[in-house]
Amino acid sequence: MTFVRTISFRDQKPGTSGLRRKVSEFQTPHFLQNFVQSIFDCLHNKYGQTLVLGGDGRFFNETALQVIIKMCQANGFGKLIVGQNGLLSTPAASHLIRLYKAYGGIILSASHNAGGQDGDFGIKYNVSNGGPAPEIFNRLVYQRTKTIQYYQISDFEDIDLSNIGEINTGTMRICIIDPVYDYTLLMQSLIDFDLVRKIIKDGFTFSFDAMHAVTGPYAKEIFINLLGVDESFILNSNPSPNFGGGHPDPNRVYSKILYDSAITSDGPDLFTASDGDGDRNVIVGKDCFVTASDSLAVLAANAHLVPGYRSGINAVARSMATSRAVDQVMSFQGRRVFETPTGWKFFVNLLEAGEISLCGEESAGTGSKHLREKDGIWAILMWLNILAVRKQSVKEVMQDHWRIFGRNYYTRHDFEEVDTESACRLMVSLKQRLSSLQKKETIISRINIADEFSYRDPIEQSVIHNEGIRLIFEDGSRIMFRLSGTRTVGETLRIYMERYVGPDGNHSSDILDVIFDLVTFSYDIAQIEYFTGRTSPSLIA
Ligand code: G1P
Ligand code: ZN
């Protein structure tokens, strides 16, 4: 074992999803090692403990894993559970940590960000409950990255991660496991595989785009081998370090061709996709795109049709930015909705305390009590199970849903790569005007609340402030502004807009028709053009 003298890096602050930077930055000598050692330095009683390791297979995945394995040995860990070929989806890693009662896990991923040599890389530490490390731990790690002087690393040959089996390196055992097996068993314990297999056999067409990312092996086993989906419907299922030259974000920009073809009446009955590390999901029916906010509401309303959720959902959590569609369902059922800041860790506390059994974010993330991350393939299986029981198309399910609960028309406008100073000036200027906006009459209706969202964690009792600016109108419409915590270049300003129309209200198939006044009002009030020089967003989600 060697102690290597190093310099500290002042820009290793982990964000909502760990440390995410350009690959080139991670390749800077000692950069990765400093961060990993800083994590290890903040862990107590780690000697002899077990860690789960794996990543989404992007460029630098295996190089980083080899370094981390050697550092684990030097830091006294007793056992590593590593996905074959270094692969583990984020939800599978969360499940393995829980299943094997590991001390924690390291997930290598930059989620839906571009990969390849010029793309992004990321590293995230998850704790023993399987969820992302709490904010307080991330802060400690960040402090450590600024003062660290040495890291510890062992000197042995790179480990062959391509074969399942066990390898001993002195005091540490490395178990290379099938990344898919345990996760698949978990899915089988929750979802009615027989029923889904039957509708597929009877001609229900289902398609999944793995985007050359980590879900490929999971999709082959679950959708093709176990559910009988024809392999021609499982797209881009071989993981590649640069995601086949694509961008592993199944949004309307990067998956446009698929969206356009899926949304016609000639598309499959259910078209789905996941992102780089397999925690996000996209649901598209024939001629019917389902927003993640609506998807959460549909799952809440129909979960009792799925074996793992027969007794229903006790309560739900959604992020502040997520539409209130699920609130309509839960108020119908007389159950509670928790409104949290953006980021999965707030859900984890509620799940751990048994306060909720379902949670989701507008950004294509849905999850449940079954593990402590969002889970793309699970959400898709839930939809398959629900469609199989209801014997309806996606569009019919949505129409029935809106007929009962009303519809929350919702959109998000992103302004990417805005320079930091302009973005901050925009937010500060808006904050300074909040009190004058309170109770103001506008073209929409009177503003009832103009404030910065804050959250008291009901479990930790800690209070989180400044989690985005929100304007809530008398008619129930909402506009929210926040800066992204996962951007890598400049700032990303996100504007979320929502209007509720009850079951008997005036509905339209064109979302913009319904929320146009919210869009113009939000651009105007935040002085988007003045501060950013932009008149249109980089992305409408
Ligand atoms: C984004 C999403 C957020 C999600 C996070 C990690 O964060 O908006 O819902 O939890 O990625 O996947 P943001 O960039 O908005 O901070
Ligand atoms: Zn992801």
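To be clear, the structure that these remarks concern was listed above.
As the structure is a prediction and not an experimental result, all values here were calculated from the model.

Engineer: Could you clarify how one ought to interpret the sheet that holds strand β12 (residues 270-273) in this entry?
Structural biologist: Within a sheet, each strand pairs with its neighbour through backbone hydrogen bonds, oriented either parallel or antiparallel. The sheet built from 5 strands is open, its strands ordered β11-β10-β12-β13-β14 with mixed pairing. Edge positions in the open sheet fall to β11 (234-235) and β14 (288-290), since each of these has one partner strand only. As paired strands, β12 and strand β13 (residues 282-285) are joined by 4 bridges and run antiparallel to one another. Bridging from a neighbouring strand, T272 pairs with I283 of β13. Together, β10 (206-209) and β11 form the strand contacts of helix α8 (residues 215-226), whose direction differs from that of β10 by roughly 165°.

Engineer: What's the story with the site of ligand 1 in this structure? I'm lost.
Structural biologist: Close to ligand 1 lie 14 residues; S363, S484, G485, T486 and R494 are nearest. Notes on ligand 1: free accessible area 380 Å², of which the protein chains cover 97%. Partitioned by chemical class, the residues of the shell around ligand 1 number no nonpolar, 8 polar and 6 charged.

Engineer: Help me understand the environment of N236 in this model?
Structural biologist: Tracing the chain through its elements places N236 in the loop between β11 and α9 (256-262). Given the relative accessible area of 33%, N236 is considered partly exposed. Sequence-wise, N236 and E396 are 160 residues apart; in three dimensions their C-alpha atoms are separated by 29 Å. Ignoring sequence-local partners within four residues, the contact set of N236 consists of D209, A210, M211, H212 and A213.

Engineer: Would you mind showing me how to read the sheet that holds strand β18 (residues 365-368) here?
Structural biologist: Within the open sheet, the 4 strands sit side by side as β16-β15-β17-β18. Their pairing is mixed. If you trace the sheet from one side to the other, it starts and ends with β16 (336-340) and β18, each paired once. Pairs of neighbouring strands in the sheet enclose a mean axial angle of 15°, with direction left out of account. Here strand β17 (residues 358-361) runs beside β18; their pairing, made up of 4 bridges, is antiparallel. Considered in β18, the bridge of C359 is made with G367. The strands touched by helix α10 (residues 292-302) are β15 (315-319), β17 and β18; relative to β17, the strand with the most contacts, the crossing angle is about 170°. Set on the sheet, helix α11 (residues 325-333) makes contact with β15 and β16; between it and β15 the angle comes to about 165°.

Cut-offs and rules
- Residues numbered from 1 in each chain as written.
- Chains lettered and ligands numbered in written order.
- Predicted model: local features only at pLDDT ≥ 70, side-chain atom pairs only at ≥ 80, totals over all residues.
- Heavy atoms only, no water.
- Pairing = 2+ DSSP bridges.
- Helix = DSSP H or I, 4+ residues; strand = E, 2+ residues; numbered from the N terminus.
- Contact = heavy atoms within 4.5 Å.
- Axes fitted to C-alpha atoms, helices over the stretch in contact; angles between N-to-C directions.
- Near = heavy atom within 4 Å.
- Areas by Shrake-Rupley, 256 points an atom, 1.4 Å probe, with all protein chains shown as cover.
- Nonpolar A, V, L, I, M, F, W, Y, C, P; charged D, E, K, R; others polar.
- Buried < 20%, exposed > 50% of the residue type's maximum accessible area, 1.4 Å probe, protein only.

These figures come from the coordinates and say nothing about function on their own.
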